[in-house]
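Take a look at the letters that make up each chain.
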Amino acid sequence: HLGSVVAYFTSAKFLLYLGHALSTWGDRMWHFAVSVFLVELYGNSLLLTAVYGLVVAGSVLLLGALIGDWVDKNSRLKVAQTSLIVQNSSVILCGVILMIIFLFKTQLLTLYHGWLLTLCYILVITIANIANLASTATAITIQRDWIVVVAGEDRSKLADMNATIRRIDQLTNILAPMAVGQIMTFGSPMIGCGFISGWNLMSMCVEYLLLWKVYQKTPTLARKSVKVEASELKQLNVKKESDGKPAEGVQLIIEKDVSGFEPQQEKEVGCAARIAEPFITFRDGWVAYYNQPVFLAGMGLAFLYMTVLGFDCITTGYAYTQGLSGSVLSLLMGASAVTGIMGTVAFTWLRRKCGLIRTGLISGVAQFACLILCAISVFMPGSPMDLTVSPFADISARLFENEPLPTIASPEPEMIFATGMPNLLNGSIAPADRDPEMSPEPVPLISVSLLFAGVIAARVGLWSFDLTVTQLLQENVIESERGIINGVQNSMNYLLDLLHFIMVILAPNPEAFGLLVLISVSFVAMGHIMYFRFAQKSLGKQLFVCHTPDPKAAPDSSPPGNTSTV
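Right, let's walk through the structure included here. Quick caveat, the model's predicted, so the values are computed rather than measured.

1. Observations regarding the state of the cysteines
Reasoning step 1: Tallied over the entire structure, the rule returns 0 disulfides.
Reasoning step 2: Here C374 stays unpaired: no disulfide links it, and the sulfur of C370, its closest cysteine neighbor, is 8.5 Å away.

2. Some thoughts on the packing of aromatic side chains
Reasoning step 1: Applying the stated criterion across every chain yields a total of 16 aromatic pairs.
Reasoning step 2: Between F282 and W286 the ring centres are 5.9 Å apart and the planes differ by 50°, which places this aromatic pair in the tilted class. Here the residue F282 and the residue W286 both occupy positions in helix 10 (residues 271-290), the gap between them amounting to 4 residues, near one helical turn.
Reasoning step 3: Overall, the relative accessible area of 22% leaves W286 in the partly exposed class.
Reasoning step 4: Of the aromatic side chains, those joined through ring pairs into one cluster are Y8, F9 and F14.

3. A word on the side chain of Q170
Reasoning step 1: Tracing the backbone shows Q170 in helix 6 (residues 155-186).
Reasoning step 2: In contact with Q170, other than residues within four places in its own chain, are S336, A337, G340, I341 and W463.

4. Some words on helix 11 (residues 295-303)
One full turn of an α-helix is made of 3.6 residues, so residues set three or four places apart face in the same direction.
Reasoning step 1: Burial runs high along helix 11: 9 of the 9 residues are buried.
Reasoning step 2: All of the buried residues along helix 11 are F295, L296, A297, G298, M299, G300, L301, A302 and F303.
Reasoning step 3: Residues of helix 11 that are buried sit in contact with helix 10, helix 17 (446-476), helix 18 (482-506) and helix 19 (513-539).

5. Observations regarding the pattern of salt bridges
Reasoning step 1: Taken as a whole, this structure holds 8 salt bridges when the rule is applied.
Reasoning step 2: A salt bridge links D145 to R76; the nearest nitrogen and oxygen atoms lie 2.7 Å apart. A residue pair is termed long-range when its members are at least 10 positions apart, and D145 in helix 5 (residues 115-151) and R76 in helix 4 (residues 76-110) qualify at 69 residues. There is no split in this pair, since D145 and R76 are both buried.
Reasoning step 3: Linking D466 and R166 is a salt bridge whose minimum nitrogen-to-oxygen distance equals 2.6 Å. Here the residue D466 occupies a position in helix 17, and R166 occupies one in helix 6, the gap between them amounting to 300 residues.
Reasoning step 4: The network of salt bridges with shared partners includes R76, D145, E479 and R482.

6. Notes on the packing of helix 5 against helix 7 (residues 189-217)
Reasoning step 1: Put simply, helix 5 and helix 7 touch, their axes get as near as 10 Å, and they point 35° apart. For helix 5 against helix 7, the interelement crossing comes out left-handed. Facing helix 5, whose interface residues are I142, W146 and V150, helix 7 presents L211, V214 and Y215.
Reasoning step 2: Split into classes, the residues belonging to the contact of helix 5 with helix 7 amount to 6 nonpolar, no polar and no charged.

7. Concerning a nonpolar patch on the surface
Reasoning step 1: Together, V96, I100, L103 and F104 make up an exposed nonpolar region whose accessible area comes to about 350 Å².
Reasoning step 2: Relative to the helices and strands, L103 resides in helix 4.

8. What to know about helix 17
Reasoning step 1: Compared with the 45 Å implied by 1.5 Å per residue over 31 residues, the 45 Å span of helix 17 between its first and last C-alpha is a close match.
Reasoning step 2: By the largest-angle criterion, R459 marks the main kink of helix 17, which is about 35°.
Reasoning step 3: Helix 17 sits mainly inside the fold: 25 of its 31 residues count as buried.

9. Structural notes on the nonpolar core
Reasoning step 1: Counting 71 residues, the largest nonpolar core has V308, L309, F452, V517 and Y531 as the members making the most contacts within it.
Reasoning step 2: When residues in this core are grouped by element, the largest group, 13 residues, is from helix 17.
Reasoning step 3: Of the domains in this structure, domain 1 (1-222) and domain 2 (275-391 + 444-543) are the two that each give at least three residues to this core.
Reasoning step 4: Leaving out residues up to four positions away in the same chain, Y531 has contacts with L296, A297, L356, I357, G360, L361, F465, T468, V469 and L472.
Reasoning step 5: By size, the runner-up hydrophobic cluster in this structure holds 57 residues, among which are Y17, L48, I97 and L108.

The rules behind these values
Numbers given to residues run from 1 along each chain, matching the order in which its sequence is written. Local features in a predicted model are, by the rule used here, given only for residues with pLDDT of at least 70; side-chain atom pairs are given and counted only at 80 or more, and totals for whole chains, interfaces and linings are based on all residues. Where side-chain values are given, they derive from all heavy atoms of the structure, hydrogens and water being excluded. Put simply, a disulfide is two cysteine sulfurs that come within 2.5 Å. Two aromatic rings, drawn from Phe, Tyr or Trp (for Trp, its six-membered ring), form a pair once their centres lie within 6.5 Å of each other, and the interplanar angle then sorts them: stacked below 30 degrees, edge-to-face above 60, tilted otherwise. Numbered from the N terminus, helices here are DSSP runs of H or I no shorter than four residues, and strands are runs of E no shorter than two. Only protein chains enter the accessibility calculation, which uses a 1.4 Å probe; a residue whose area is less than 20% of its type maximum is buried, one above 50% is exposed, and one in between is partly exposed. Two residues qualify as a contact provided that any one of their heavy atoms is within 4.5 Å of a heavy atom in the partner residue. Each reported salt bridge corresponds to a side-chain nitrogen of Lys or Arg within 4 Å of a carboxyl oxygen of Asp or Glu. In this description, a line fitted to the C-alpha atoms serves as the axis of each element, helices being fitted only across the stretch in contact, and the angle between N-to-C directions of two axes falls anywhere from 0 to 180 degrees. Less than a right angle of anticlockwise turn of the near helix away from the far helix marks a crossing as left-handed, whereas a clockwise turn marks it as right-handed. Each residue gets one of three labels, nonpolar for Ala, Val, Leu, Ile, Met, Phe, Trp, Tyr, Cys and Pro, charged for Asp, Glu, Lys and Arg, and polar for the others, Gly among them. Residues form patches when they are more than 30% accessible in relative terms and have no salt bridge. Like charges link within 9 Å. Nonpolar side chains (Val, Leu, Ile, Met, Phe, Trp, Tyr) link within 5 Å. Methods summary: accessible areas were calculated by the Shrake-Rupley approach with a probe of 1.4 Å, and residue burial reflects only the protein chains presented. Expected span, for any helix, means 1.5 Å times one less than how many residues it has. We define the bend at each residue as the angle formed by axes fitted to the 7 residues ending at it and the 7 residues starting at it. By nonpolar core we mean a set of buried residues, namely Ala, Val, Leu, Ile, Met, Phe, Trp, Tyr and Cys, connected to one another through side-chain atoms within 4.5 Å. For each domain, the first and last residues come from an automatic or database assignment.

Printed below as a string of structure tokens:
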């Protein structure tokens, strides 16, 4: 027994989990803290935070395919180590700059008429964006490539590893912001900066060592397939169909590989060709994504990002306007993490019982059924929905009356630190903090209760569906294209996420939030319709025949005609 325990704790699988836990913990602390730091630095205004969010989303949208292409063209260890060092070094540098700003803000304001401080803000946002791009590269290479190789041909092991990775994500999503929030509340933002910089320095060294250990324990990571021509893929497909072995396609490609993969020597090209190369890569990435057999499944997942039905600053801001306190919201966030973990358990069970593609269908139906509660909440007592109110009435009235525009209530910064969610809706403060004359009657909680009940319950289906599409991409994208296809998938996710923020900017008042909820539910429905179409194409008449598949073969998890199942 002791030997098996020691073997597990020294296995490549566990070391991968440990590295991911450290990486995600640092990531979540940083993403939470940088938003709060920017709010704190810019006089309790959300302007810098909004600019940061826009820059991050725009960068991944434009550079997702290029990052993925770089992942494909370089050896696995080089990609993982480079992205790890760039990500952590950027965060450490950002932390140091923020500490300098916090220490010398008054002096920086007077130097060069404040332009030096503005330059510092630009530097922080730029370096934080580089850290996020490196984090994207790390996620693509570890979660979409290394994990597949470590799992080998065992699809059940791959499903379990994906589920465990998601459970780690769920726990760190809640615990990391709480930890750094406490440090910033009882210490100061500057101490928070120092702690995060120190954590990333320590974490970088440990993660580097863990990556090296995983690489040594999994010799197949040293072999990476080169781009395979269409004619070769056709031959592989014929071979695969005749043998009937689900992993034959990839196995044959791996046999062609050479240990210690190195990118091909670049031929001398002209200046114009070099300038055009990123644009060609961008185009080729999106075309390749469109031509994937799992394209509709990937699009279905991306459409779920066009929603206000999550625990982001928008929904939390709306909850404040409806009378929910910070402590209640933190409990609701905890409940959402629990249902998210339940979703990962449901995924592994459903996959064993019904196969991968049907798991996605069942998860989609479960998520949509729960979100119907959110749609009903819009029409229940307590809902502020009133489309006759102009979204910008409050702002224009204040401008014409020369009143100051509202910002986040500065007397209670610990509220932001505790929940990680500053209020975004017109900078409204919680009704409890308002003048009693402004809100003579308490807002009925039926509407907001139904809304959050739907959001929390839907997490089970959401995370199960997310894991389904993740594994479909892992199993059905050829090894030489994993990076670029997952890079484009990230870009699609960010594009829809960006659209959801634009939607909120166009209708920022609580009276219009009900409309945003209905639009969100519609986009979720469209996403699942796309997935249903994919499942219909893949399984045909077998779509609704639920059986217990062979856990390793899982024949229904790969669309017909695909050459590269894992």
